[in-house]
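Take a look at the letters that make up each chain.
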Amino acid sequence: MPRVPQQPAATRTEIDARLTVELASVVAGARRRALRDGDRQVDTAHLLHSLIESNAEVRTALGDGPQVARVLGYLVQRSIGYGLRWQGSVEDSGTIPAVRETDGEMSGWSPSVAAAMEGALERAGLRGEARAGAVDLLACIAADPECRAVEVLRRAGVDAQVLSGRIAAG
């Protein structure tokens, strides 16, 4: 499970500045998807959808073609039935205090997304990298058992713990 950072949390602008160009594009795609879906915030399912669509390493980490297709199938269904119960609610798996959303620092991101983004930066830093990449973000999303993306993965038959371990080992 992602841990709460011990140092003061970065603002969204600071996080955006430390993403690879490719991951910044993924985040922009997730923002567009959230807006198109009529959601107030980008949640981890929006990020997962954008990650899968735009990154071959993420698709490889998820497994074979049918596995990726099943996950995408659930993500696509979000706006036409599956996931409608999420509309109007804030995704918060309890990894960071939800109050951060109200202070403007992470406006537009769910608390779970903010925690995953901070975790991705930390993961990249542990490798000595200045910028976080797509697989860093996938690893942090998969490590949060209470987030919406993990719920989608579970429904599609992906064991998020196994995925997280496979990414950590690779």
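This text gives an overview of the structure that appears in the document. This is a predicted model, so every value here is computed, not measured.

Observations concerning the overall build of the protein chain
- In terms of regular secondary structure, the protein chain is built from nine helices and zero strands.
- Secondary structure elements of the protein chain occur, N-terminal to C-terminal, as α-α-α-α-α-α-α-α-α.
- The buried share among the 170 residues of the protein chain stands at 48%.
- For the protein chain, the share of sequence-separated contacts (at least 6 apart) that also reach a separation of at least 24 residues comes to 64%.
- If you sum the accessible surface of the protein chain, you get close to 8,100 Å²; carbon and sulfur atoms cover 53% of it.

Some thoughts on the pattern of salt bridges
- Following the criterion strictly, the structure yields six salt bridges and no others.
- Note that Arg31 is salt-bridged to Asp16, the shortest N-O span being 3.2 Å. Of this pair, Arg31 sits in helix H2 (residues 21–37) while Asp16 sits in helix H1 (residues 12–17), placing them 15 residues apart in sequence.
- A relative accessible area of 26% means that Arg31 is categorised as partly exposed.
- Overlapping salt bridges, with partners in common, bring together Arg123, Arg127 and Asp136 in one network.

Thoughts on the packing of H2 against helix H3 (residues 44–54)
- Orientation of H2 relative to H3, taken along the N-to-C sense of each, is 130 degrees, at an axis distance of 8 Å. Taken as axis vectors, H2 and H3 run oblique relative to one another. Judged by the twist between their axes, the crossing of H2 over H3 is right-handed. Contacts from Glu22, Leu23, Val26, Val27, Gly29, Ala30, Arg33, Ala34 and Asp37 of H2 reach H3 at His46, Leu47, His49, Ser50, Leu51, Glu53 and Ser54.

Examining helix H7 (residues 134–142)
- Across the nine residues of H7, eight count as buried, placing the element largely inside the fold.
- Buried within H7 are the following residues: Ala134, Asp136, Leu137, Leu138, Ala139, Cys140, Ile141 and Ala142.
- Buried positions along H7 lie against H2, H3, helix H4 (56–62), helix H6 (111–126), helix H8 (148–155) and helix H9 (160–169).

Thoughts on the packing of H3 against H7
- At a minimum axis distance of 11 Å, the contact between H3 and H7 shows a crossing angle of 140 degrees. With respect to each other, H3 and H7 are oriented oblique. At the point where H3 passes H7, the crossing takes the left-handed sense. Between H3 and H7, the contacting residues are Thr44, Leu47, Leu48 and Leu51 on the first element and Ala134, Leu137, Leu138 and Ile141 on the second.
- Looking at the contact of H3 with H7, its residues break down into seven nonpolar, one polar and no charged.

Conventions and cut-offs
Residues numbered from 1 in each chain as written. Predicted model: local features only at pLDDT ≥ 70, side-chain atom pairs only at ≥ 80, totals over all residues. Heavy atoms only, no water. Helix = DSSP H or I, 4+ residues; strand = E, 2+ residues; numbered from the N terminus. Buried < 20%, exposed > 50% of the residue type's maximum accessible area, 1.4 Å probe, protein only. Contact = heavy atoms within 4.5 Å. Areas by Shrake-Rupley, 256 points an atom, 1.4 Å probe, with all protein chains shown as cover. Salt bridge = Lys/Arg side-chain N within 4 Å of Asp/Glu carboxyl O. Axes fitted to C-alpha atoms, helices over the stretch in contact; angles between N-to-C directions. Parallel < 35°, antiparallel > 145°, perpendicular 65-115°, else oblique. Left-handed = near helix turned anticlockwise from the far one by under 90°. Nonpolar A, V, L, I, M, F, W, Y, C, P; charged D, E, K, R; others polar.

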